[in-house]
Each structure stands twice: as structure tokens, then as C-alpha cells.
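Topology and contacts: notes
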Amino acid sequence: MAAAVLLSLSSCGIYSFSGTSIQPDVNSITINYIEYRALRVNPSLSNELTEAIRNQFRRMTRLEQVDMDGDMELSGEITGYDISTAAVTADEVAARNKLTVTVKIRFTDKKHPEEDFDKSFSAFAEYDSTNTIDAVESSLCAEIVEKLVEDIFNAAVAQW
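Please read all numbers here as calculations on a predicted model, not as lab measurements. (Residues numbered from 1 in each chain as written. Predicted model: local features only at pLDDT ≥ 70, side-chain atom pairs only at ≥ 80, totals over all residues. Heavy atoms only, no water.)

A few words now on the overall build of the protein chain. Scanning the protein chain for helices and strands turns up three helices and six strands. For the protein chain, the proportion of its 160 residues judged to be buried stands at 38%. Only carbon and sulfur atoms are counted for the fraction: they give 52% of the accessible area of the protein chain, which is about 9000 Å². (Helix = DSSP H or I, 4+ residues; strand = E, 2+ residues; numbered from the N terminus. Buried < 20%, exposed > 50% of the residue type's maximum accessible area, 1.4 Å probe, protein only. Areas by Shrake-Rupley, 256 points an atom, 1.4 Å probe, with all protein chains shown as cover.)

Okay, structure coming up:
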């Protein structure tokens, strides 16, 4: 019985054990460089985010990554890189700060245009205000990139 269920799930061509739902006629993806458009500058974030997205698709899908004209295409820009207060002490002093990164992503599926989207994703990480942003920026960005990649990947091919 279990074998019959597995066979029927795999025969539809859309289900996979990696959690993706890529149509069987989609074979390639073009992942363009994520441009940096935020006011506050982080010179390495575009490259880190772009490479992390590419690595996620390489690890989790069977899609061939091509430089142009992929069956799917992902592009976007970092539109926000903001630091704000996350928690305040009784003396009205910032106890924790928050770094928030916002990315606008355009995803197109040339063979299944109903899957296309153009939307923003945002993720944040908090840090103790006794630290400077320079001291914690690298680790915060790594944490934020991980969250953004998961959200973008799920929206594009997992449809959760």
C-alpha cells in the first residue's frame, strides 16, 4: 500500500522529497545578481545574498543554473538596510537594536506564468546595544541572509 502511494505521488511529476514543486517541463533557472539599492551601504551584502540563493537552488533542486533565458528567472534588489531600536530600558535607553534587510524579488516562470510574483521579503536580527553595528554586522547579515533565502526559495519553488 505504501509503495502504491509513493508511486502515485512521484508519478504526478510535481512532488519531490526536497519540498519543491517544480513542474517536470521546467529544467533551468537564471538567478540574476541582486542589486543593492538601500540608502545605508553594505558593500558585500548583494554578493552574499546572490550566492546564497544560487547555492540553495543548487542544493535543493534539479534545475540547471544558466546565465540567461532560463525556464525560470529570479531577479531583485535590496531596498532596505535599516537599524532601529528593538527594546528600551526603564531609563528610555536602547537595550537592543534591530537590523532589518528588505529585498524586492521578481520571479518568473516562462512555462507557467501563473507562478510569477513580484514582492518584498524582509528579515531582521537583533543585537545588544552595547555592541556597535560594526562589531556584529557580519554575523547579523549571515543570519538575515539565511532567513531571506529560505523565504525566497519557498515562495519560488516550494509554494508554502
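Within this structure, the stated rule accounts for seven salt bridges. Residue aspartate 71 is joined to lysine 111 by a salt bridge in which the shortest nitrogen-to-oxygen separation is 3.8 Å. Of this pair, aspartate 71 sits in the loop between strand 3 (64-65) and strand 4 (72-88) while lysine 111 sits in the loop between strand 5 (94-109) and strand 6 (117-128), and the two are 40 residues apart along the sequence. The shortest N-O distance in the salt bridge between glutamate 126 and arginine 96 comes to 3.1 Å. Remark: arginine 96 occurs in strand 5 and glutamate 126 occurs in strand 6; sequence separation between them is 30 residues. Residue classification places arginine 96 among the partly exposed positions, given a relative accessible area of 31%. (Salt bridge = Lys/Arg side-chain N within 4 Å of Asp/Glu carboxyl O.)

Attention shifts here to the packing of aromatic side chains. Here the structure, examined in full by the defined rule, presents four aromatic pairs. For the pair tyrosine 36 and tyrosine 81, a centre-to-centre distance of 6.5 Å together with 55° between the ring planes defines the contact as tilted. In this pair, tyrosine 36 is assigned in strand 2 (residues 35-36) and tyrosine 81 in strand 4, connecting sequence segments 45 residues apart. In this structure tyrosine 81 comes out as buried when scored by relative accessible area, which is 2%. (Phe/Tyr/Trp six-rings, centres within 6.5 Å; stacked < 30°, edge-to-face > 60°.)

This is a description of form; function is not addressed.
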